[in-house]
Each structure stands twice: as structure tokens, then as C-alpha cells.
Amino acid sequence: MRLTHPATALAALATTALVLTGCSGDDDSSAEPEPTPSASAGYDEETGVTDDGSGDKQRECKVKVDLTGATDTSFKGKGESVQPANGEPAAYYLYSGKKGSIQVFAGAGDIPTSAVVTVDDVAYTTPPDDPTGVEAAEDGTAVDIDAAANPTEGGPVDIVASFTCGKG
């Protein structure tokens, strides 16, 4: 795979890191996210936020993704959002399932607002220098995407996706 633009290489590297630490979803699940409180995690029933003690704030999300173009694929399931304690990015959203994965960044600092979808080992990235069509809430509550994405190989896709996270 040849990455021709430095921003694409950065996005691919960030994607790899997030996929390795990502969550797993169920492509066939349409159930509401269930809270997963534990004795060591602080769970706020009103907002749906879990604080694991690290300062990161996590929410479970309902995810829906539709791709058209070089690949026509749809998937949905449970994902998560994280607001890192260090504030970079402001929030990121993750989903990984049998049919594909998606990572969305609500930009902050050096990290731009962007989305990366991976299907059949091909990553499709929205232009990091142009967040048009990628709306990612900095508070980890929602994503709405209607944007074109370029691949690491092959033709582009149009992404229509949403994350609905937490409660309220």
C-alpha cells in the first residue's frame, strides 16, 4: 500500500493505533446500549458516562454506517466514544464489527476532525485538511457523517454514518 499524502499516512497510523485499542461490535445488533458499570468505574446514570479512574470519559454508542461507491456496505451495532483526559482529540468514536470498522475524531490540538472506515482491509479516510461533512461532538455524544472518503487503494466511497452515545 502506498500512501501519497502525509496527512493520509498520519490518518492511517492513527487508525491502526485506534483499531488495536478499539471495541468490538455486533453487526446485527439494534439493541440500545446497556451501561456496563463496575466497582472500579464511576458510572453516571443520567449522562451514560463511565469514568474508569484515568480521567477518560467513555460512553456506549449506537452506530450505523452506510458506504456507497467503490464498496456498497452497511453495518450497525454497539460502539463507544472516549473523551481523553489530555483533550487530544477532544473525543474519538470507535466501532469494529464483522463487516467493517469506523473511527471518528473530534479534532483538537494537532488532531483534525476526520473519519476512517475500514472494509476488506482497505481504509477510506475523509480529508484531514477538510472536515466538511464530518460532525463529531467534542463531548463524546454524537457523530453525523455525510462525506466522501479516499482509499488507501482503489476508488473512493461516500460515507453516511451516525453515532448516538450515552443517555439524554
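Data block above holds the structure.
Thresholds applied
- Residues numbered from 1 in each chain as written.
- Predicted model: local features only at pLDDT ≥ 70, side-chain atom pairs only at ≥ 80, totals over all residues.
- Heavy atoms only, no water.
- Core = buried A, V, L, I, M, F, W, Y, C linked by side-chain atoms within 4.5 Å.
- Buried < 20%, exposed > 50% of the residue type's maximum accessible area, 1.4 Å probe, protein only.
- Helix = DSSP H or I, 4+ residues; strand = E, 2+ residues; numbered from the N terminus.
- Contact = heavy atoms within 4.5 Å.

Trainee: Lay out the nonpolar core with the relevant residues and their values.
Mentor: Among the nonpolar cores identified, the biggest contains 28 residues, and Tyr93, Ile102, Val104, Ile145, Ile159 and Phe163 are the most heavily contacted of them. Counting only elements with at least two residues in this core, the list comes to β3 (57–69), β5 (91–96), β6 (101–106), β7 (114–119), β8 (122–125), β9 (134–136), β10 (142–151) and β11 (157–165). Sort the elements by how many residues they give to this core and β11 lands first, with 5 residues. When neighbours within four sequence positions are excluded, isoleucine 145 is seen to be in contact with Ile102, Val104, Ala115, Gly133, Val134, Ile159, Val160 and Ala161.

Trainee: Go over unusual backbone geometry with me, naming the residues and quoting the values.
Mentor: A cis amide bond links glutamate 88 with the next residue in sequence, proline 89, at an omega value of -10°. Tracing the chain through its elements places proline 89 in the loop between β4 (73–83) and β5. A positive phi angle, close to 50°, is found at aspartate 120, a residue other than glycine. Note that aspartate 120 resides in the loop between β7 and β8. Relative accessible area serves as the criterion here: at 67%, aspartate 120 is assigned to the exposed category. We note that aspartate 121 has phi near 65°; this positive angle belongs to a residue other than glycine. One can find aspartate 121 in the loop between β7 and β8.

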